[in-house]
Amino acid sequence: MHSANDSPEFLATAGAGRIDRRRFMAYFTSAGLGGTLFPGVLWALGQGEVTKETIEQAEAIAGLEFTDEQREEMVRGLNRNVASYEAVRKLELPNSVVPAVRFDPVVPGVRPPSTAVRAAGERMRRSDPGRVTRPADLEEAAFWPVTKLAELIRTRQVTSRELTRMYLDRLKRYGPTLECTITLTEERALEQARRADEEIAAGRYRGPLHGIPWGVKDLLAVKGYPTTWGAEPYVDQVIEMDAAAVRRLDEAGAVLVAKLTVGALAMGDVWYGGKTRNPWNLEQGSSGSSAGSAAATVAGLVGFSLGTETLGSIVSPSTRCGATGLRPTFGRVSRHGAMALSWSMDKIGPICRSVEDCALVFDAIHGADEHDPSSRDAPFVWDANIDVRGLRIGYLKSGFDDEPESEPAREWRRMDREVLDVLRSLGVELIPFELPGDLPVGALRLILHAECAAAFDDLTRSGRDRMMEERSSWPNTFRQARFIPAVEYIQANRARTLVMAALDEAMRDIDVFVTPSYAGDVLLMTNLTGQPAVVLPNGFRADGTPVSISFIGNLWGEAETLAVAKAYQDATEFHLRRPPAFSG
């Protein structure tokens, strides 16, 4: 592996001049930093004295140019800054400590939703599952959606202990093949299942998740079990608490059977123990970073799962594995007890086998939490039978109109266009829609990079990031991000406000829009603005692997977004297919 200062990006021309590698490395050596890049921020290199020469070399990274007189004036203040950085570094700042500055997806001038979680008289209106009968072989139910599993439990045709043991057996049998499990929570699960059976037998049925086994991405803490974040430096980490989302599912009566794999520190499908596989093609990874959650759900190893998304980590593995996922509005689900990667972009959401399953899980986990200052209450009323013809539904016209160059991409685009045909056959009048243009959306990735570098500041400065270098690009990203000036981070967030306002204006006349999952800037833009998304399979390639389509809603518009996605899913059967290697 190359160190960050050997990378092409480090040596490239930047702004006003070219970085002189020889002179810059000479500074690093004289400062005792050797070949590893540990600076605190752009000019605060953390050891040694900042000089005019230091500033001159750093100017190229910042895209600036000062005079010699200006550099002379800056030296004293920059050295004071270094002392300030060192004072802050002496504090213990674990990953769980949030910044005092918080992101709010509410566009200026727009009133946020009511704080009432559910108005008086409103209730969940679930679909009628029909008559559900226990199969002769219980493993047949391993692929059933929660809506049907819940009927088996509610009618006491199956006990939670039976269902839990069945899923635990499948996790033990197939988990190593998929490389999707980090820790089985067997003892906890069997105790939860026993308690669920006792409550149900006594007439205390808590609802559709009661007694249902599930798995959680190993970014969320579970008391008494390791929380590894998928990365070598944290393999022995035990966080003695239950994450807020885990606690809320406990309260709903769900049964946690496993902590599932996560790409190291929430990137990709490679973790410290291997590479999580796509159930449809074991030669492929499952994509990431909610790699284990999507793979285990689709392979019938859990009833449902939780994932997280910062920039595609629910959408991407759900696409690769053929799962149905919900990325909620930013702030709808408490992140307390979950690893922080980006305080202004991280979200927690369900990965399931059907859209309605996502609605049921979301209903259990959403809502404000005093331990997560970014979380918010907003109404969520699920009506499985809503007539979507009464909603204003758009489609990202340019995303469907473009003609990709490669045949695999063209094949996927043909399946995307068939989604529009299905929606029109349901009586939906689709409205052409475009994302706002002329904004530097791609450049705003630096917000994520700056925040993740801060979240793992100690990992970088301690040198323990070297433990990850063979498996992950994060160490280099963290090091590079130390050179993002604070001014540029703030300016990027100001530009983000413009993007939020522009998308809000563009969506004023629609409730939901349908889009190819990776069209243009849609994934990055809607993660920056905090918009909810539902991703679900819309076909299979010639090689037997699934593809996906996405539905994007307005802020706090999960109910409408899920409703449109369900209408499409009910009219197709792609989500009902099972990966052959795990169906026997």
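The shown structure was predicted, so the numbers you read here are calculated from the model rather than taken from an experiment.

### Overview of the packing of aromatic side chains
This model, assessed by the stated rule, comprises 15 aromatic pairs. Judged by centre distance (5.1 Å) and plane angle (80 degrees), the rings of Trp271 and Tyr272 are edge-to-face. An aromatic cluster of three or more residues is present, and its members are Trp229, Tyr234, Phe456, Trp474 and Phe478. The ring of Tyr395 carries the charged tip of Arg424 above its face, separated from the ring centre by 5.7 Å. Above the ring of Phe103, the side-chain terminus of Arg496 is found at 3.8 Å from the ring centroid.

### What about the pairing of strand β15 (residues 512–516)?
Of all 5 residues that make up β15, 5 are buried, and the element is covered over most of its length. Burial of the side chains of β15 extends over both faces: Val512, Val514 and Pro516 are buried on one face and Phe513 and Thr515 on the other. When strand β13 (residues 393–396) meets β15, the two strands line up parallel, connected through 3 bridges. By the bridge assignment, Gly394 is partnered in β15 with Phe513. Summarising the sheet, β15 and strand β17 (residues 546–553) pair through 5 bridges and their orientation is antiparallel. Bridging across to β17, Thr515 finds its partner in Ser550.

### Notes on the side chain of Ser305
Summarising the element assignment, Ser305 is placed in strand β10 (residues 305–309). One polar contact links the side chain of Ser305 to the main-chain carbonyl oxygen of Ser293, over a distance of 3.1 Å. With sequence-adjacent residues up to four places away left out, Ser305 is seen in contact with Gly215, Leu260, Ser293, Thr297, Gly349, Pro350 and Ile351.

### Some details on unusual backbone geometry
Following Gly288, the chain continues into Ser289 via a peptide bond in cis, with omega recorded as 5 degrees. For Ser289, the position within the fold is in the loop between β9 (281–285) and α9 (291–298). Even without being glycine, Asp438 reaches a positive phi, approximately 60 degrees. One can find Asp438 in the loop between β14 (430–433) and α14 (445–455). Phi angles above zero are rare outside glycine, and Trp556 is one such case at about 65 degrees. With respect to the secondary-structure elements, Trp556 resides in the loop between β17 and α19 (558–570).

### Observations concerning the pattern of salt bridges
Enumeration according to the criterion identifies 41 salt bridges in this entry. In this structure, Lys52 and Asp68 form a salt bridge, with 3.2 Å as the shortest nitrogen-oxygen distance. With Lys52 in helix α3 (residues 52–62) and Asp68 in helix α4 (residues 68–89), the pair connects residues that are 16 residues apart, well separated along the chain. Accessibility expressed as a relative area gives 38% for Asp68, which makes it partly exposed. Residues participating in the shared-partner salt-bridge network are Lys52, Glu59, Asp68, Arg71 and Glu72.

### A few points about the nonpolar core
As a rule of thumb, soluble globular proteins bury nonpolar side chains together. Counting 138 residues, the largest nonpolar core has Leu220, Leu265, Phe304, Leu306, Phe456 and Phe551 as the members making the most contacts within it. The residues contacting Leu220, other than those within four sequence positions of it, are Thr227, Ala243, Ala245, Val246, Lys259, Leu306, Thr308, Gly337, Ala338 and Ile348. Counting 6 residues, the second-largest nonpolar core is a separate cluster that includes Ile55, Val75, Leu78 and Val82.

Here is what the cut-offs are and how they apply
- Residues numbered from 1 in each chain as written.
- Predicted model: local features only at pLDDT ≥ 70, side-chain atom pairs only at ≥ 80, totals over all residues.
- Heavy atoms only, no water.
- Phe/Tyr/Trp six-rings, centres within 6.5 Å; stacked < 30°, edge-to-face > 60°.
- Lys NZ or Arg CZ within 6 Å of the ring centre and 35° of its normal.
- Buried < 20%, exposed > 50% of the residue type's maximum accessible area, 1.4 Å probe, protein only.
- Helix = DSSP H or I, 4+ residues; strand = E, 2+ residues; numbered from the N terminus.
- Pairing = 2+ DSSP bridges.
- Polar contact = N/O pair within 3.5 Å; in protein donor to acceptor, adjacent residues only side chain to side chain.
- Contact = heavy atoms within 4.5 Å.
- Salt bridge = Lys/Arg side-chain N within 4 Å of Asp/Glu carboxyl O.
- Core = buried A, V, L, I, M, F, W, Y, C linked by side-chain atoms within 4.5 Å.

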